Amino acid sequence: MPQHTLPRPICGHCDGFPTVSITTGTRTPDGQRKTIAAHCPACQGTGHTTTARAHSRIGA
């Protein structure tokens, strides 16, 4: 019998869009725009938050 995992809650800071591309305003020699990737600092780019039970207790 398969075990189903519950969906993790979506990060409230990025609303599930953890990585975005930002243009720098410059262009490459072939005319394309230069971009950089930015990750959500709250979820470290996963798009989900961890539940309180996922953390281990110290001293337990």
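Details of the structure are given in the entry above.
Quantities reported herein were computed from a predicted structural model and do not represent experimental measurements.

A. Spotlight on unusual backbone geometry. Phi at Asp15 takes a positive value of approximately 55 degrees, unusual for a residue other than glycine. Mapped onto the secondary structure, Asp15 falls in the segment before strand E1 (19–27). One non-glycine residue, Gln44, adopts positive backbone phi at about 55 degrees. Residue placement: Gln44 occurs in the segment after strand E2 (33–39). On the accessibility criterion, Gln44 (62% relative accessible area) is exposed.

B. Summary view of the pairing of E1. The sheet contact formed by E1 and E2 spans six bridges and is antiparallel. Following the sheet pairing, Ser21 is matched in E2 by Ala37. What sits between E1 and E2 in their antiparallel hairpin is a turn of five residues, with Gly31 showing a positive phi close to 100 degrees.

C. The arrangement of the environment of Cys43 in detail. Structurally, Cys43 can be placed in the segment after E2. Between the C-alpha atoms of Cys43 and Cys14, which are 29 residues apart in sequence, the distance is 8.4 Å. Contacts of Cys43, omitting those with residues within four sequence positions, involve Cys11, Cys14, Pro18 and His48.

D. Inspection of a nonpolar patch on the surface at higher detail. On the surface, a cluster of nonpolar side chains totalling about 240 Å² of accessible area is made up of Val20, Ile22 and Ile36. Note that Val20 resides in strand E1.

E. Here's a closer look at the state of the cysteines. The full count for this structure, using the stated rule, is zero disulfides. Looking at Cys11, it has no disulfide partner, and the nearest cysteine sulfur is the one in Cys14, 3.8 Å off. Residue class for Cys11 comes out buried when judged on its relative accessible area of 2%. With a relative accessible area of 14%, Cys14 lands in the buried category.

Thresholds, definitions, all that
- Residues numbered from 1 in each chain as written.
- Predicted model: local features only at pLDDT ≥ 70, side-chain atom pairs only at ≥ 80, totals over all residues.
- Heavy atoms only, no water.
- Helix = DSSP H or I, 4+ residues; strand = E, 2+ residues; numbered from the N terminus.
- Buried < 20%, exposed > 50% of the residue type's maximum accessible area, 1.4 Å probe, protein only.
- Pairing = 2+ DSSP bridges.
- Contact = heavy atoms within 4.5 Å.
- Patch = residues over 30% accessible without salt bridge, like charges linked within 9 Å, V, L, I, M, F, W, Y side chains within 5 Å.
- Areas by Shrake-Rupley, 256 points an atom, 1.4 Å probe, with all protein chains shown as cover.
- Salt bridge = Lys/Arg side-chain N within 4 Å of Asp/Glu carboxyl O.
- Disulfide = S-S within 2.5 Å.

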